[in-house]
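Here's the letter readout for the chains.
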Amino acid sequence: MTNSWTDIKNADVVLIMGGNAAEAHPCGFKWVTEAKHHNKARLIVVDPRFTRSASVSDFYCPIRAGTDTAYLLGIINYLLTNDKIHREYVANYTDVSFIVKEGFAFDEQEGVYSGFNANNRTYNRDTWDYEIGPDGFVVRDTTLENPRTVYELLKKHVARYTPEMVERICGSPKDKFLKVCEMISSTANGEKSMTIMYALGWTQHSHGSQNIRTAAMIQLLLGNQGIPGGGVNALRGHSNVQGLTDIGLLSQSTPGYLGQPRDSEPTLAAHMANRNFRPLQQNSVSFWQNYKKFYVSLLKSMYGANATAENDFGYEWLPKLDKVYDTLQMFELVYQGQINGFVCQGFNPLLSVPNKGKMIAGLSKLKFLVSIDPLETDTAKFWENHGEANPVDPSKIQTEVFMLPATCFAEDEGSFTNSSRTINWRWKAADGPGEARNDIAVMSELFLRIRELYQKEGGKVPDPIIKVDWNYKDPKLPTADELMREINGKAVTDIPDPADATKTLYKAGQQIASFAQLRDDGSTSSACWIYTGAYTERGNMTARRDNSDPSGKNVFGNWGFAWPANRRILYNRASADPSGKAWSERKSYITWNGKTWSGPDVPDYGPTLAPERNAGPYIMNAEGVARFFARKLMAEGPFPEHYEPFESPVANALHPKMSTNPAARVFKADGAAFGTSKDFPYVATTYRLTEHFHWWTKTNKLNAITQPEFFVEISPELAKEKNISNGQWVKVSSNRGSVKGKAVISKRISSLMVDGKKIHHVGMPIHYGFIGETKKAIGVNSLTPYVGDANTQTPEYKAFLVNIEPLSGPAIS
Amino acid sequence: MNVQFSRRQFLKGTGAGVAGSAIGAFGFGGAEVALAQAAHSFKLSKATETRNTCPYCSVSCGMILYSRGDVKKGEKAEIFHIEGDVDNPVNRGTLCPKGAGALDFVHSKQRVTRPMHRKPGSDKFEPVSWDFAMERIAKLMKEDRDANIIEKTRDGVTVNRWPTMGFLAGCATSNEAGWLTWKAVRGLGIVAVDNQARI
């Protein structure tokens with residue numbers, strides 16, 4: 001989230017799209033209710049299903065699953081053609097006036113950007129950039145008259161997304177679409193704000209990143225970014241998915257979103273050479289210029305005293321990536337028999353990764369599998385026969401499997417980071433059952449045992465293991481307190497005060513209070529620079545429990561610690577106009593008082609950086625302003641474009657020859673497993689129920705009682721067409737597999753006219769499998785396609801093709 | 001700062017005092033004693049309260065875990081009730097149908113209580129000791145690492161990459177366990193590492 005759960009209360013318009021907060025995030029959704037009650041906020045829901053969020057909305061608009069980018073580009077076209085934009089914000093805080101390099105182009109017929117190689121579906125991104133002047137800064141035209149400005153190019157790019165075209169692609173009736181546009185555009189004035197709330201309904205597409213980017217562009221046009229009640233707010237799924245991602249357990253990044261080294265970067269100098277943070281405007285801050293300080297501090301936390309300036313702080317010991325090892329890539333390698341061992345630490349990939357058939361085949365090729373989990377998982381028991389729900393022959397599966405008992409949340413201490421980026425400490429209430437151990441104990445023992453083996457018997461390449469700093473009071477059981485201190489970072493040697501060299505800022509061993517004080521000479525350590533400030537000499541800031549709201553703006557600055565720097569709204573400098581005054585009294589947040597920036601939050605800006613310096617509010621960007629033109633940063637092009645899901649009932653109405661995302665993650669064999677609308681005419685989508693959490697609560701009695709079994713949701717129209725009655729057993733098939741369940745006939749699920757063709761949706765909940773208290777089910781990911789987003793490789797769970805047939809009897813007793 | 005002082009505890013104290021004195025002032029001194037003797041004690045009154053966070057979605061609602069026994073005092077504790085933390089500024093005491101069932105997760109029949117081992121081709125798990133499990137897994141991992149780690153590419157670039165091992169980290173793990181896990185897996189050279197951010 002750029003903003004926070006509690007900040008939603010400040011919104012005047014709420015757009016929920018690609019998510020269903022009322023059911024999937026009910027206790028966060030209460031802030032929408034508060035906004036409706038206190039601000040007379042209007043709630044808009046755009047979804048293929050009339051969800052419970054939709055049922056309490058002020059306006060609902062249906063959409064065909066998988067066409068959100070087209071819808072959002074249609075909104076941008078509306079805002080630009082009707083001049084419903086916050087002009088001063090857009091002119092000063094975005095790149096609209098930047099000139100784009102000659103040679104950059106989008107071919108509207110072919111559906112590709114300049115630099116495309118049709119033979120291998122790859123892009124050369126050389127032309128995807130701004131024009132740079134002789135002074136080294138970007139060339140601008142503040143009159144916006146030059147046809148090569150970002151503004152003109154964007155306007156031309158989105159002109160194709162007329163309300164008629166949106167209706168043709170998305171199936172959303174034109175009048176409803178226009179009503180949504182009109183409601184949204186009421187916030188383009190600095191007086192009112194709109195928040196956008198999304199979840200996996202936007203990310204889980206082969207073009208998911210572009211959905212979110214397009215939403216951010218809308219917020220920039222409206223001037224809704226960086227202000228109370230605004231922002232682009234990801235409603236993250238798991239309680240600590242934000243934290244685990246922040247802390248670097250993601251294939252391509254280290255803690256704090258620095259780059260995991262690649263083969264092309266054998267030294268720290270080479271790693272830095274690939275990262276050019278030179279400011280693109282004269283006064284830009286370009287804060288990433290501090291990157292090396294964060295990297296060296298991380299290496300100091302990783303290797304301790306073994307990391308020295310002479311050995312590049314141990315950079316060489318880190319593993320180097322030859323490619324991105326995301327979940328799809330991983331299980332492709334497992335399927336090919338190229339991965340031998342696998343550890344699932346609280347993860348149930350058999351049911352949560354697409355194409356269960358491929359997963360079973362892959363897991364069966366593993367030499368060993370280890371599950372560290374409080375619960376028995378379907379993955380840990382993938383080799384066990386459960387009839388139709390898991391029809392395997394154990395005697396044919398040679399995988400050695402361990403199931404290790406872990407403690408659960410209630411039996412462990414430490415912090416979780418919520419979707420608002422707020423880190424909250426948790427306390428332990430009981431020991432785990434039986435011999436359960438916490439994750440820290442399990443990982444410590446495993447690592448130390450392997451290390452001891454290398455120390456005793458030798459082995460290949462031992463140094464990277466031996467040199468890891470494991471200097472904890474009890475190496476076999478470091479405490480959460482110790483680890484959070486290490487994450488925050490400390491002074492390794494005495495650090496002089498930069499303002500007065502005769503003074504000492506930190507004595508060796510003291511906790512660092514701010515990432516601005518980290519250094520690249522090895523004198524500081526910090527495992528995750530964005531968490532610096534979370535555990536200072538004042539104590540554990542994540543354990544703070546002061547829930548006062550001094551400003552009355554629902555800002556709880558003394559509750560926990562929000563990264564970065566305890567900031568609750570990102571980019572909040574943009575809540576003031578270029579001179580530092582609030583855009584409006586209602587939305588006043590961070591303002592300039594002549595000497596400093598102040599307000600109810602930590603300013604996202606140099607605290608004394610005067611407005612006259614005109615440094616731009618987006619200090620992380622080399623531009624100093626926000627980007628409509630993504631340069632080389634997005635795999636499928638600098639502007640978003642509508643691409644159909646890989647399984648779609650229609651060809652792309654704009655460029656049928658390039659129907660799908662040319663840069664998406666597809667493996668060869670999986671391409672052959674895609675189905676067509678000839679055999680699979682219906683658009684399927686998967687979703688969560690409010691009573692369940694993923695494949696986890698099926699082991700909880702209470703949750704199992706409330707939603708005991710898998711079902712298939714279809715419209716009355718489709719039910720009639722297929723002669724299916726309510727509660728009847730049906731079989732749903734894709735080109736990869738099939739599932740069985742009872743039909744739930746409901747008006748909640750839409751049937752739409754798309755390009756003159758009637759399109760029916762089939763909706764299925766995700767939560768069922770063969771382990772637990774709920775009725776056994778085959779698992780909905782037996783159907784889903786193995787294809788991922790071009791930038792994040794997130795699988796396309798939310799739009800694929802199926803067929804549905806009535807069955808005579810119960811499929812699984 | 002780390003003291004868990006709750007509004008609930010505060011109200012419990014003052015509320016009882018006000019009620020007591022009001023009844024006393026009306027001259028029901030004897031009735032008050034009788035009432036106190038007859039009434040069941042509030043089931044949470046002797047419970048230990050512990051602040052925690054719901055493990056499910058990323059609203060990360062504050063929770064109060066009620067236990068018999070206080071693990072912080074070295075006692076054996078059994079959690080018997082969970083409710084929303086009224087002090088938490090995000091959820092303000094509420095829990096959704098998922099979180100409201102969290103006690104059944106703590107006490108689920110599917111909890112794993114001891115290390116289990118399934119031999120190749122077997123149709124069952126068999127209990128083993130932690131020592132056996134850790135020794136065996138460490139051995140399997142070391143053997144595979146020794147056989148497959150790539151120290152240098154053909155171009156002579158040091159890459160220290162162990163490409164034949166996969167690791168998925170769970171997102172109900174704490175930040176602290178996450179950092180320790182990062183140290184361990186990247187220290188070993190594992191490159192196939194991911195979490196639930198995409199799933």
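Residues numbered from 1 in each chain as written. Chains lettered and ligands numbered in written order. Predicted model: local features only at pLDDT ≥ 70, side-chain atom pairs only at ≥ 80, totals over all residues.

With respect to the overall build of chain B
Summing up its helical and strand segments, chain B has five helices and eight strands in all. Element order for chain B, N to C, with α for helix and β for strand: α-α-β-β-β-α-β-β-α-β-β-α-β. Put simply, chain B has 199 residues, and 48% of those count as buried. Taking as baseline every contact in chain B between residues at least 6 positions apart, the subset at least 24 positions apart corresponds to 35%. (Helix = DSSP H or I, 4+ residues; strand = E, 2+ residues; numbered from the N terminus. Buried ≥ 20, exposed ≤ 12 C-beta atoms within 10 Å, placed from the backbone. Contact = placed C-beta atoms within 7 Å.)

Considerations on the overall build of chain A
Looking only at helices and strands, chain A has 22 helices and 32 strands in total. Expected size for 813 residues packed as a compact globule is a radius of gyration near 28 Å; at 27 Å, chain A falls within 12% of this value. If you line up chain A on its principal axes, its C-alpha atoms span 85 × 70 × 55 Å. Taken over 813 residues, chain A has a buried fraction of 61%. Intrachain contacts of chain A at a sequence separation of at least 6 include 72% that bridge at least 24 residues. (Rg over C-alpha atoms; globule rule 2.2 N^0.38 Å.)

Considering helix α2 (residues 26-39) of chain A
All names here are of chain A. Taking 1.5 Å per residue as the helical rise, α2 with its 14 residues ought to reach 20 Å, and the 20 Å between its terminal C-alpha atoms agrees with that figure. Taken residue by residue, α2 has Pro26, Cys27, Gly28, Phe29, Lys30, Trp31, Val32 and Ala35 as its buried positions. Just past α2, the residue Lys40 takes up positive phi, approximately 55°. (Expected span 1.5 Å × (residues − 1).)

Quick notes on the domain arrangement of chain A
Residue and element names in this part refer to chain A. Here the domain parsing of chain A yields domain 1 (6-234) and domain 2 (656-806). If you average the C-alpha positions of domain 1 and of domain 2, the two centres end up 27 Å apart. With 27 residues of domain 1 in contact, the opposing surface of domain 2 contributes 35 residues. Elements represented by at least two residues in the side of domain 1 that touches domain 2 include exactly α1 (21-24), α9 (200-203) and α10 (208-222). Each residue belonging to the side of domain 1 that touches domain 2 can be placed in one class, and the counts come to nine nonpolar, twelve polar and six charged. (Domains from an automatic or database assignment. Nonpolar A, V, L, I, M, F, W, Y, C, P; charged D, E, K, R; others polar.)

Points about the interface of chain B and chain A
Listed as interface residues are 105 residues of chain B and, on the opposing side, 143 residues of chain A. Residue contributions to the side of chain B that touches chain A peak at 13 residues, all from helix α5 (residues 175-188) of chain B. Partitioning the side of chain B that touches chain A into residue classes produces 52 nonpolar, 32 polar and 21 charged. Pairing of strand β12 (residues 400-405) of chain A with strand β4 (residues 116-118) of chain B involves three bridges; the strand directions are antiparallel. Looking across to β4(B), one finds that A:Met403 is bridged to B:Met116. (Pairing = 2+ DSSP bridges.)

A look at unusual backbone geometry
The omega angle of the peptide bond from A:Trp563 to A:Pro564 is -10°, so this bond is cis rather than trans. With respect to the secondary-structure elements, A:Pro564 resides in the loop between β21 (561-562) and β22 (591-592). Located in the positive-phi region is A:Tyr571, a residue other than glycine, with phi close to 60°. As for its placement among the helices and strands, A:Tyr571 is situated in the loop between β21 and β22. Owing to 23 C-beta atoms within 10 Å, A:Tyr571 belongs among the buried residues under this scheme. One non-glycine residue, B:Asn160, lies in positive phi territory at about 45°. Along the polypeptide, B:Asn160 turns up in strand β7 (residues 158-169).

A look at the confidence of the model for chain B
All names here are of chain B. Residue-level pLDDT values for chain B average 88, and 85% of them are 70 or greater. Long-range and interchain partners of residues 9-24, a stretch whose pLDDT sits below 50, account for five contacts in this model, where long-range means more than four residues apart. With a pTM of 0.95, the predicted complex shows an ipTM of 0.97. (pLDDT = per-residue confidence, 0-100.)

Observations concerning the environment of A:Asp58
All names here are of chain A. Among the structural elements, Asp58 can be located in the loop between α3 (52-55) and β3 (59-61). A C-alpha to C-alpha distance of 8.2 Å links Asp58 and Val45, two positions 13 residues apart in sequence. Excluding residues that lie within four positions of it along the chain, Asp58 makes contacts with Arg42, Leu43 and Ile44.

Describing the sheet that holds strand β1 (residues 48-53) of chain B
Residues and elements named next belong to chain B. Strand order across the open sheet formed by three strands is β1-β2-β3, with antiparallel pairing between neighbours. Looking at which strands have only one partner, the edges of the open sheet turn out to be β1 and β3 (78-84). Here the strands of the sheet are splayed against their neighbours by 30° on average, with no regard to which way each runs. Pairing of strand β2 (residues 62-68) with β3 involves six bridges; the strand directions are antiparallel. Paired with Met63 across the two strands is Gly84, which belongs to β3. (Axes fitted to C-alpha atoms, helices over the stretch in contact; angles between N-to-C directions.)

Side note on the packing of helix α7 (residues 163-170) of chain A against helix α8 (residues 174-185) of chain A
Residues and elements named next belong to chain A. With their axes 9 Å apart at the nearest point, α7 and α8 run at an angle of 120° to one another. Compared by their axis directions, α7 and α8 come out oblique. Once α7 is placed against α8, the crossing between them reads as right-handed. Contacts between α7 and α8 pair Pro163, Glu164, Val166 and Glu167 from the former with Lys174, Phe177 and Leu178 from the latter. (Parallel < 35°, antiparallel > 145°, perpendicular 65-115°, else oblique. Left-handed = near helix turned anticlockwise from the far one by under 90°.)

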